[in-house]
Amino acid sequence: MNAIGILVIILFVLMVVVGRIQGVKAFLGLVCNFFAIFILIILINWQFNAYIVTAIISVIILAVAIYLGSDNIEVTNIAFKTSVIVVAILMALSIILQYFGQFQGFTTENSEELEGLSLTVGLSFSDIAMVVMVISVLGAVAEAAMAISADLNEVIERSPDMTGTSLYAHSRIIGGQILGTAINTLFFGVLGANIPLLIWFVRLHYPVAMFVNAKLLMTEIVTMLLGMLGILLSIWIASWFIVRTNVKQQKVRIKHERDI
Amino acid sequence: MIVAMAWLFLRHDAFLYTNPVGQVTRVSEKETQKITDEHQNSDFIMTQKITVKLLNHAKKTIYVSNSYAQSQVISNKYRVGDQLLLENIGSTKHILSLKRDAVVGALATLLVGLLLIYSKWRATSWLMFSLVINIILFGFALFINVHSKDANVLLLFSVLAILFATASLALVLGKTLQMGITLLTTLLTTTLTIGLLLCVLRLTNNAGVHFETMSYVTQVPVTLFMAQTIIGVLGAVMDEAADIVAMQFGMRREGITRHFSDYWHAGMSVGREIMGTLINVLFMIFIAETMPMVFLMLRNGNNWTYIMDQTMNLGILQTVISGIGIVLAVPVTSALVGWIMARKVTKL
């Protein structure tokens, strides 16, 4: 039997056993996102405007990832708002980066895989490079936004009378911890994925100049840096949102008590 | 402002290069040719005549010609202002690559700058320090791998993984019991996951897994894939284990007399909440990476089953393995921490 099939089944069973209902939901979310990306690829292949398609599909993916991840509506709303803003910023940034850095397409290192394929396909690979950058940061942004809002929400529930400044101080501490581990995950993910490419570079004695300028490697590094930036921004913006709504609610409460 | 300075510096760092570096000062498009391939994709081929002013060594002006297709799948269009990395072949110079260090450097500076503004100087420097140490360790492992012919790749990268985990956890958490337990659970879960993967692969005789589709292979692909998977799983598991252990230690600080079951339930509920989004992170990174190839193959008239088999096969395998690692980390961490804590309480 197919080894991948067996492993997928193992994953599903484990998710159900460990996560119960939440595990089933998470698995469903993955399947949904897979189809969303499928649709994205088909639409861009049909020459729809890559920028608009990416923006819409990104919002859908974020919604699926966040609203299926937790039941707490306060947490999910803030996380969703945050990640949409962050992804918009990152998308703008990736367009700028793509303009200056020209990260599109393949290089001579890929020639073995490209054998027999027509390379004049009439599809702008410059746009696709932007799509790749945006899609790959979506997960990291959603994760960071969810983590910070869930944790801060718990802090608020435990001590509802906390002042804005002390809540802000809490958000700094929690944010720092999330930042550290999330950046590490991303770093190891990218490092692991690029072992073959790096070995290739070392074995073929690439000059140092190519290490810091080669398209393949730089694309990976830019994607990683964008992801880290996304994590940082989502933690920042989400904690700002939470502190602001919390302060507002407290003001309302104080006003309400005074009226009585 | 610092970002602008970094960008300016890296735009003018040509003197650091041994290869000739030049800046495009004028581009003239010479001819355009419309072509249609066998799959009815039409594209335009352009030829550029580029005037390049050399920025290091001999400061003179040279002319290069470059042809590119409008879709820029493999060829590149150059514009005025672009900096190029050139290579001497005989007496003529060829374009090696666009010089990208300014863009990447500016982005990295932006990230570090924002990190510094957000968290304290100390926290940021520790984080940066751990990343740098990991890169050095990684470089060292690569060096050993490339320079000794009979190195055991799997063993080498397993050792590297252990060093990675120790270094990053020690630098982020400090030398505490919390760090020790996180490290222990991380390594335990990673070993379990890789063991599971090896079992399934052996039982099914690698059925349906196409190791031959791996890119940039310079040595046996199976071990290389394992090395990749170990590092990837390690990062994901470490993230989750750190979160769960941190929460459980928070519980301990609040009240000492807790039982195994309290720790177990709390750990499981936190783990449940984060595992879905964490798997999503890895999933998105992997699927984005395969996209250019998927587009190219689609345009070449391949069907989806073939594309999935060729481009996504190993990626899906890797994501699924990381997912299993992430899920396994939840009960392993909860149980281990609960067990250690419960024993500590009875000892007291």
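Residues numbered from 1 in each chain as written. Chains lettered and ligands numbered in written order. Predicted model: local features only at pLDDT ≥ 70, side-chain atom pairs only at ≥ 80, totals over all residues.

Draft legend 1. Seen up close, the overall build of chain A. Assigned secondary structure in chain A consists of nine helices and zero strands. For chain A, the proportion of its 260 residues judged to be buried stands at 55%. Considering only contacts within chain A whose residues lie at least 6 apart along the sequence, 81% involve residues at least 24 apart. (Helix = DSSP H or I, 4+ residues; strand = E, 2+ residues; numbered from the N terminus. Buried ≥ 20, exposed ≤ 12 C-beta atoms within 10 Å, placed from the backbone. Contact = placed C-beta atoms within 7 Å.)

Draft legend 2. Representation of the overall build of chain B in the model. Counting its secondary structure elements, chain B contains eight helices and five strands. Along chain B, helices and strands appear, N-terminal first, in the series α-β-β-β-β-β-α-α-α-α-α-α-α. Taken over 348 residues, chain B has a buried fraction of 41%. If you take every contact in chain B between residues at least 6 apart in sequence, the share linking residues at least 24 apart comes to 68%.

Draft legend 3. Layout of the UniProt feature "transmembrane region" (unreviewed entry) in chain A. Residues and elements named next belong to chain A. The residues that UniProt annotates with the feature "transmembrane region" (unreviewed entry) are residues 6-21, 26-44, 50-70, 82-101, 121-142, 178-201 and 221-243. Here residues 6-21 runs as 100% helix and 0% strand, with 22 Å between its end C-alpha atoms. Segment residues 26-44 splits into 100% helix and 0% strand. End C-alpha atoms: 27 Å apart. (UniProt positions renumbered as here; feature names shortened; annotations may be inferred.)

Draft legend 4. How the structure looks around the environment of Ala65(A). With respect to the element layout, Ala65(A) can be found in helix α2 (residues 50-67). For Ala65(A), a count of 31 C-beta atoms within 10 Å corresponds to the buried category. Those residues in contact with Ala65(A) that lie beyond four places of it in its chain are Gly29(A), Asn33(A), Ala142(A), Thr277(B) and Asn280(B).

Draft legend 5. Layout of the environment of Val320(B). By the element assignment, Val320(B) lies in helix α8 (residues 304-347). Remark: the alpha-carbon pair of Val320(B) and Thr182(B), spanning 138 residues in sequence, is separated by 23 Å. Not counting residues within four places of it along the chain, the set of residues in contact with Val320(B) comprises Ile4(A), Leu7(A), Val8(A) and Leu11(A).

Draft legend 6. Quick look at unusual backbone geometry. Residue and element names in this part refer to chain A. Phi is positive for Arg-20, which is not a glycine, with a value near 50°. Of note, Arg-20 is situated in helix α1 (residues 3-45). Among the residues examined, Arg-20 registers 12 C-beta atoms within 10 Å and is labelled exposed. Residues other than glycine seldom take positive phi values, yet Gln-47 does so here, at roughly 70°.

Draft legend 7. Summary view of the nonpolar core. Within the largest apolar cluster, 173 residues are counted, with the highest numbers of intra-cluster contacts made by Ala144(A), Leu234(B) and Val327(B). Ranked by the residues each element gives to this core, the list is headed by helix α5 (residues 125-158) of chain A, at 21 residues. Per-domain counts for this core show at least three residues from each of domain 1 (2-103) and domain 2 (120-347) of chain B. In contact with Ala144(A), not counting residues within four places along its chain, are Ile178(A), Ala182(A), Ile231(A), Ser234(A) and Ile235(A). Ranked by size, the runner-up nonpolar core spans nine residues in total, among them Ile50(B), Leu85(B), Leu96(B) and Leu98(B). (Core = buried A, V, L, I, M, F, W, Y, C linked by C-beta atoms within 7 Å. Domains from an automatic or database assignment.)

Draft legend 8. Summary view of the packing of helix α4 (residues 153-173) of chain B against helix α5 (residues 177-204) of chain B. All names here are of chain B. Close contact between α4 and α5 brings their axes to 10 Å; oriented N to C, the two are set at 155°. With respect to their mutual orientation, α4 and α5 come out roughly antiparallel. Relative to α5, the crossing made by α4 is right-handed. Along the contact surface, α4 presents Ala-161, Ile-162, Ala-165, Thr-166, Leu-169, Ala-170 and Leu-173, while α5 presents Gln-178, Met-179, Thr-182, Leu-183, Thr-186, Leu-187 and Thr-190. Looking at the contact of α4 with α5, its residues break down into nine nonpolar, five polar and no charged. (Axes fitted to C-alpha atoms, helices over the stretch in contact; angles between N-to-C directions. Parallel < 35°, antiparallel > 145°, perpendicular 65-115°, else oblique. Left-handed = near helix turned anticlockwise from the far one by under 90°. Nonpolar A, V, L, I, M, F, W, Y, C, P; charged D, E, K, R; others polar.)

Draft legend 9. Summary view of the confidence of the model for chain A. Looking at chain A as a whole, its pLDDT mean stands at 83, while 99% of the residues score no less than 70. The lowest-confidence element of chain A is helix α8 (residues 208-211) of chain A, averaging 72 in pLDDT; the highest-confidence one is α2(A), averaging 90. (pLDDT = per-residue confidence, 0-100.)

Draft legend 10. Inspection of the interface of chain B and chain A at higher detail. Contact with chain B, which involves 100 residues of that partner, is made by 97 residues of chain A. The element contributing the most residues to the side of chain B that touches chain A is helix α7 (residues 260-299) of chain B, with 24 residues. When the residues that make up the side of chain B that touches chain A are grouped by side-chain class, the tally is 63 nonpolar, 25 polar and 12 charged.

Draft legend 11. Up close: the environment of Ile45(B). Residues and elements named next belong to chain B. As for its placement among the helices and strands, Ile-45 is situated in strand β2 (residues 42-54). Between the alpha carbons of Ile-45 and Tyr-68 there is a distance of 5.6 Å; along the sequence they are 23 residues apart. Look past the residues within four positions of Ile-45 in its chain and what remains in contact with it is Gln-33, Ile-35, Ser-67 and Ala-69.

Draft legend 12. Seen up close, the packing of helix α6 (residues 164-193) of chain A against helix α3 (residues 121-147) of chain B. Closest axis-to-axis distance for the α6(A)/α3(B) pair is 11 Å, and the angle between their directions is 20°. Taken together, α6(A) and α3(B) sit at an angle that is classed as roughly parallel. Every pair of crossing elements has a handedness; the one defined by α6(A) and α3(B) is right-handed. Where α6(A) approaches α3(B), its residues Gly176(A), Gly180(A), Ile183(A), Phe187(A) and Leu191(A) are matched on the opposing element by Ala123(B), Leu127(B), Leu131(B) and Phe138(B). Here the residues of the contact of α6(A) with α3(B) sort into seven nonpolar, two polar and no charged.

Draft legend 13. Looking closely at α5(A). All names here are of chain A. With 34 residues, α5 extends 50 Å between its outermost C-alpha atoms, agreeing within 8% with the 50 Å of an ideal straight helix rising 1.5 Å per residue. Along its length, α5 reaches its greatest deviation from straightness, about 30°, at Leu-138. Counting buried positions over the 34 residues of α5 gives 28, a clear majority of the element. (Expected span 1.5 Å × (residues − 1). Bend = angle between axes of the 7 residues up to and from the residue.)

Draft legend 14. A look at the confidence of the model for chain B. All names here are of chain B. Averaged over all residues, the pLDDT of chain B is 79; the fraction at 70 or higher stands at 90%. Confidence scores differ between elements of chain B, with helix α1 (residues 2-11) showing the lowest mean pLDDT of 68 and α5 the highest of 88. Note on the complex model: pTM 0.86, ipTM 0.84.

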